[in-house]
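Next come the chains, spelled out residue by residue.
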Amino acid sequence: HLYVATATEGMSGVILRGVVCAICLLPPTFMMGATLPAISRWVKATPEGVSWLGFFYGGNLAGAVLGCLLAGFYLLRVYDVAAATYLAAAINVGMAAIALAAGGPSIAVAVRNEAGQKADRFVYLSIALSGFCALAAEAIWTRTFGLLFGASVYALSLIVGVFLLGLGIGSGAASLFLRFVASPRLALGWCQLLLAGAIAWAAYNGSAALPNWPIDPSLTRNVWFNFQLDLARALWALLPATILWGASFSFALASAAPGRSDSGRVMARVYASNTLGAIGGALAASLLLIGWVGSQRAEQFLIAVSAASALLLLPRTAAAAAILWGAFLIYTVPPGSQFLIAYGRYAATWTGKTEIVYAREGMNSSVAVSRFPEGALTFHVAGKIQASNVARDMRLQRMLGHLTTLTAPHPRSVLVIGCGAGITAGAASIDPQVERETIVEIETLVPQTAAAYFRDPNFDVLHNPKVRLRIDDGRHYLLTTKETFDGITVDPLDPWVKGAANLYTKEFFEVMKQHLNPGGTVTMYIQLFETNLDAVKSALATFFEVFPNGTVWGNTYQGRGHDMVLLGQVEPLRIDLDAMEQRIDYRGDSKLAQSMAEVGMNSPVDLFATYAGRASDLKDWLQGAAINRDRNLRMQYLAGLGLNADDSAAIYAGMLAFRRFPEDIFFSAEARLDSLRRAMEHQP
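Not measured: the values here are computed from a predicted model.

What am I meant to see in the overall build of the protein chain here?
Per the secondary structure count, the protein chain includes 25 helices and 14 strands. Over its C-alpha atoms the protein chain spans a radius of gyration of 28 Å, differing by no more than 12% from the 26 Å that the globule rule assigns to 684 residues. Per-residue burial over the protein chain gives 55% buried out of 684 residues. Put simply, 77% of the contacts in the protein chain that link residues at least 6 apart link residues at least 24 apart. Surface accessibility of the protein chain: about 29,000 Å² in total, with carbon and sulfur atoms responsible for 62%.

Explanation requested: the sheet that holds strand E4 (residues 384–388) in the structure shown.
Strands pair in a sheet through their backbones, by hydrogen bonds, and they do so in one of two ways: parallel or antiparallel. Strands sit in the order E1-E2-E3-E4 across an open sheet of four strands; the sheet is antiparallel. Two strands lie at the open edges of the sheet, namely strand E1 (355–361) and E4, each paired on one side alone. The mean inter-strand angle of the sheet, taken between neighbouring strand axes irrespective of direction, is 25°.

What is the right way to look at the nonpolar core in this model?
Generally speaking, soluble globular proteins have nonpolar side chains that are buried together. Counting 82 residues, the largest nonpolar core has Trp141, Phe145 and Trp245 as its most contacted members. Taken together, the elements giving at least two residues each to this core come down to helix H3 (47–78), helix H6 (121–149), helix H7 (153–177), helix H8 (184–209), helix H9 (223–256), helix H10 (263–311) and helix H12 (338–343). When neighbours within four sequence positions are excluded, tryptophan 141 is seen to be in contact with Gly146, Phe163, Ile199, Ala202, Leu238, Ala241, Trp245 and Glu299. Ranked by size, the runner-up nonpolar core spans 57 residues in total, among them Met394, Leu567, Tyr611 and Phe661.

Looking at this structure, I do not really get the environment of glycine 375. What am I missing?
Inspection of the secondary structure puts glycine 375 in the loop between strand E2 (366–371) and strand E3 (377–381). Once the C-alpha coordinates of glycine 375 and asparagine 389 are considered, the two residues, 14 residues apart in sequence, prove to be 9.6 Å apart.

Teacher, can you tell me more about the pattern of salt bridges here?
Between side chains of opposite charge, pairing is possible as soon as their charged atoms come close. Applying the stated criterion across every chain yields a total of 18 salt bridges. Put simply, glutamate 545 and lysine 506 hold a salt bridge, and the shortest N to O gap is 3.0 Å. With glutamate 545 in helix H19 (residues 533–546) and lysine 506 in helix H18 (residues 506–514), this residue pair connects regions lying 39 residues apart in the sequence. A residue is classified by how much of its surface remains accessible, and lysine 506, at 17% relative accessible area, is buried. One salt-bridge network, held together by shared partners, links Lys384, Asp494 and Glu530.

Looking at this structure, I do not really get the sheet that holds strand E6 (residues 436–441). What am I missing?
Strand order in the open sheet formed by eight strands is E7-E6-E5-E8-E9-E11-E10-E13, and the pairing between neighbours is mixed. Edge positions in the open sheet fall to strand E7 (467–471) and strand E13 (611–614), since each of these has one partner strand only. Averaged over all pairs of adjacent strands, the angle between their axes in this sheet comes to 20°, without regard to strand direction. Strand direction decides the pairing type here: strand E10 (residues 551–557) and strand E11 (residues 560–569), joined by seven bridges, are antiparallel. Bridge assignment links valine 552 to a residue of E11, and that residue is leucine 566.

Got a minute to help me understand the packing of H8 against H10 in this structure?
Between two packed helices, both the angle of their axes relative to each other and the distance between the axes serve to describe the pair. Between H8 and H10, whose axes approach to 7 Å, the crossing angle comes to 170°. In terms of their interaxial angle, H8 and H10 are classed as roughly antiparallel. On H10, the residues touching Gly189, Gln192, Leu193, Leu195, Ala196, Ile199, Ala200, Ala203 and Ser207 of H8 are Glu299, Leu302, Ile303, Ser306, Ser309 and Ala310. Tallied by class, the residues present in the contact of H8 with H10 amount to nine nonpolar, five polar and one charged.

I would appreciate a short explanation of the packing of aromatic side chains in the present structure.
Centre-to-centre distance and the angle between the planes together describe a pair of aromatic rings. Under the criterion given, the structure shown has 31 aromatic pairs. Measuring from ring centre to ring centre gives 5.0 Å for phenylalanine 543 and phenylalanine 547, while their planes differ by 35°; the resulting arrangement is tilted. The same class applies to phenylalanine 543 as to phenylalanine 547, namely buried. Joined through ring pairs, the aromatic side chains of Phe73, Tyr154, Trp224, Phe227 and Tyr637 make up one cluster. When the ring centre of phenylalanine 661 is taken as reference, the NZ or CZ atom of arginine 677 above it lies at 4.2 Å.

Explanation requested: the packing of H18 against H19 in the structure shown.
At a minimum axis separation of 9 Å, H18 and H19 run at an interaxial angle of 40°. Between H18 and H19, the angle is such that the two are oblique. Classified by chirality, the crossing of H19 by H18 is right-handed. Between H18, through Lys506, Phe509, Glu510 and Lys513, and H19, the contact on the second element is made entirely by Ala539, Thr542, Phe543, Glu545 and Val546. Among the residues making up the contact of H18 with H19, the classes are represented as four nonpolar, one polar and four charged.

Any chance you could explain the pairing of strand E5 (residues 413–417) here in plain terms?
Regular strands show a simple pattern: their side chains alternate between the two faces of the sheet. Counting buried residues in E5 gives five out of five residues, a clear majority hidden from the surface. Pairing analysis gives five bridges linking E5 to E6, with the strands arranged parallel. Pairing of isoleucine 417 across the sheet is with valine 440, part of E6. Crossover handedness for the path E5 to helix H15 (residues 423–429) to E6: right-handed. Note: E5 against strand E8 (residues 485–490), four bridges, orientation parallel. Following the sheet pairing, valine 416 is matched in E8 by threonine 489.

Please clarify how the environment of glycine 131 should be interpreted in this entry.
Within the secondary structure, glycine 131 is located in helix H6. Spatially, the C-alpha atoms of glycine 131 and alanine 282 are 9.4 Å apart, while their sequence positions differ by 151 residues. Apart from residues no more than four positions distant in its own chain, glycine 131 is found in contact with Asn274, Gly277 and Ala278.

Where do I start with the confidence of the model for the protein chain in this structure?
Any region with low pLDDT has predicted coordinates that should not be read closely. Predicted confidence across the protein chain gives a mean pLDDT of 91, with 96% of residues reaching 70 or more. In this model, residues 106–117 is a region of pLDDT below 50 whose contacts with residues beyond four sequence positions or in other chains number 13 contacts.

Would you explain the side chain of serine 365 in this entry?
Turning to its location among the elements, serine 365 is positioned in the loop between E1 and E2. For serine 365, a relative accessible area of 12% gives the class buried. When sequence neighbours within four positions are dropped, the list of residues in contact with serine 365 reads Arg143, Val381 and Glu443.

Please clarify how the state of the cysteines should be interpreted in this entry.
By definition, a disulfide links the sulfur atoms of two cysteines through a covalent bond. Tallied over the entire structure, the rule returns zero disulfides. Free of any disulfide, cysteine 24 has its nearest cysteine sulfur in cysteine 21, 6.9 Å distant. The exposure class of cysteine 24 is exposed, given its relative accessible area of 52%. Of all cysteine sulfurs, the one in cysteine 21 lies closest to cysteine 68, which takes part in no disulfide; the gap is 19 Å. Residue classification places cysteine 68 among the buried residues on the basis of a relative accessible area of 16%.

What counts and how
Residues numbered from 1 in each chain as written. Predicted model: local features only at pLDDT ≥ 70, side-chain atom pairs only at ≥ 80, totals over all residues. Heavy atoms only, no water. Helix = DSSP H or I, 4+ residues; strand = E, 2+ residues; numbered from the N terminus. Rg over C-alpha atoms; globule rule 2.2 N^0.38 Å. Buried < 20%, exposed > 50% of the residue type's maximum accessible area, 1.4 Å probe, protein only. Contact = heavy atoms within 4.5 Å. Areas by Shrake-Rupley, 256 points an atom, 1.4 Å probe, with all protein chains shown as cover. Pairing = 2+ DSSP bridges. Axes fitted to C-alpha atoms, helices over the stretch in contact; angles between N-to-C directions. Core = buried A, V, L, I, M, F, W, Y, C linked by side-chain atoms within 4.5 Å. Salt bridge = Lys/Arg side-chain N within 4 Å of Asp/Glu carboxyl O. Parallel < 35°, antiparallel > 145°, perpendicular 65-115°, else oblique. Nonpolar A, V, L, I, M, F, W, Y, C, P; charged D, E, K, R; others polar. Phe/Tyr/Trp six-rings, centres within 6.5 Å; stacked < 30°, edge-to-face > 60°. Lys NZ or Arg CZ within 6 Å of the ring centre and 35° of its normal. Left-handed = near helix turned anticlockwise from the far one by under 90°. Right-handed = clockwise from strand over helix to strand, strands pointing away. pLDDT = per-residue confidence, 0-100. Disulfide = S-S within 2.5 Å.

Printed below as a string of structure tokens:
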């Protein structure tokens, strides 16, 4: 409640969220960070003992890899956050029992013996810079390879797993070779110089090579084969750099250990230096570098930092060669692939088929616009086509906007979550009854691009005086605003994209319901392609739990199901077809009538003939469907297994078999009811 009362937009809001995260996460992570130094005091700070410190770090990372993959592919998919948390807590309790039973010698004397000894500050600075580069690169490469693999929870688990695996391999390998290394300090310096090359290698593969490998992920419906391919590509590109970062940690431990008797203190200082650098790298890349200068410049900067880190430790005779090496590698970093930004995992299959007229990386998402030879424009976010001026997409986008305002008796205020190309927001804005409209979009580039390239199809909505734009996460905005609305429409990213499922949860639907004025309407986009039946059923069942009067409206393509709109109200839905004819004002050639006619809807009957069912009709069809909640985000795990599928026609046909004409929803004093019935019978 304190957070909600003080929540703000912009950077101050981001800082406040960081404070809340720190309050929640620092207690457990503090203990996690203390574990390695505590274990390290079981060995002496001798050359042989120091090699064990590297093994401890490698063992810790091996467990991290297992935990990452176990949680991402099994625990969270089959169970939920609570089950995964309880298991983690149980493992910690078990390890505590083992540690307490084993006991250990007192180290008080060892601590006193360290008084007055000076550390090699360049070693600590170098390992801090190494940590900076590692976590900054992870942030950059998670974005890049997330586009390449499809940013599902599974793909991101693979990326993080490979990153941790490389760190563990490098740490363990360096520990094995420490007894043969005359100067670990010098080895640490060479590692940093080699890292400059490894960063350039990953940058080349992520931006130039891998997006152009002749791969079509849709050639198999079995997404597990894609996961194998993604794992291989991640190992190929990321393993060299991550192995060297892991080795750097072990070499730093050995460099800091001579003359010291407390191995725990050695571990703590090196670990703290590395972690503080990692924090700086993660924040710098996520909040500044990617959005300000893009991935290419950010990777060039990391190469320079790695080379500078090497210069701290290498002899002066190697300085000139190191500088030339770094300059050469910086020159070799290619610009980001525009087709990767636009088409993501399908980049290779689209090369040469369209023209990319705009592509840029933002702080939260990458945005692109492409043009087909016949002139059609498509709008891309996070490596996916999210909107276009193609007929089937225009129909869906206009349906979302018009159903939101036309089914509400007095739609004075409307909230649009997700700007996209602005076409849905534009359709809502031209309703004469709408007095104010709020568009909430998390990525600044999205509304800028929509205003520049889709001004005509979106009715120049972003320059409409009754429209205000808020740069914020849609869920966060709705949770923290006190404003209520007559209409809320939501057009999220694909449900398999990590994080999108939190806009489909029961808890979020309840928040939307709480922010509706009496008679207000909620609409939501539901895709039927690149998903599966279980995920679609999960979305509908969750929505209907909160809106039992909810209805479904279909958008077909070539006579087959393609995508849908969910419509929910607190009160039972009632639509007067005669009043709707007057409100749209076809005879007066209103903007509403023009907008609907442009997508083939020349009367209210054309719009409402898209009715595809309601909660009571679909009760049997939805039997056993998983409810998507905040604690399980079940939908993203279900949809993530169906992103190669295109069962939209079969899913829609199966659902449509349960449709019955809703005698209690539509009414008309004229013959429009019969016209609607006939139109629905002819709808696929």
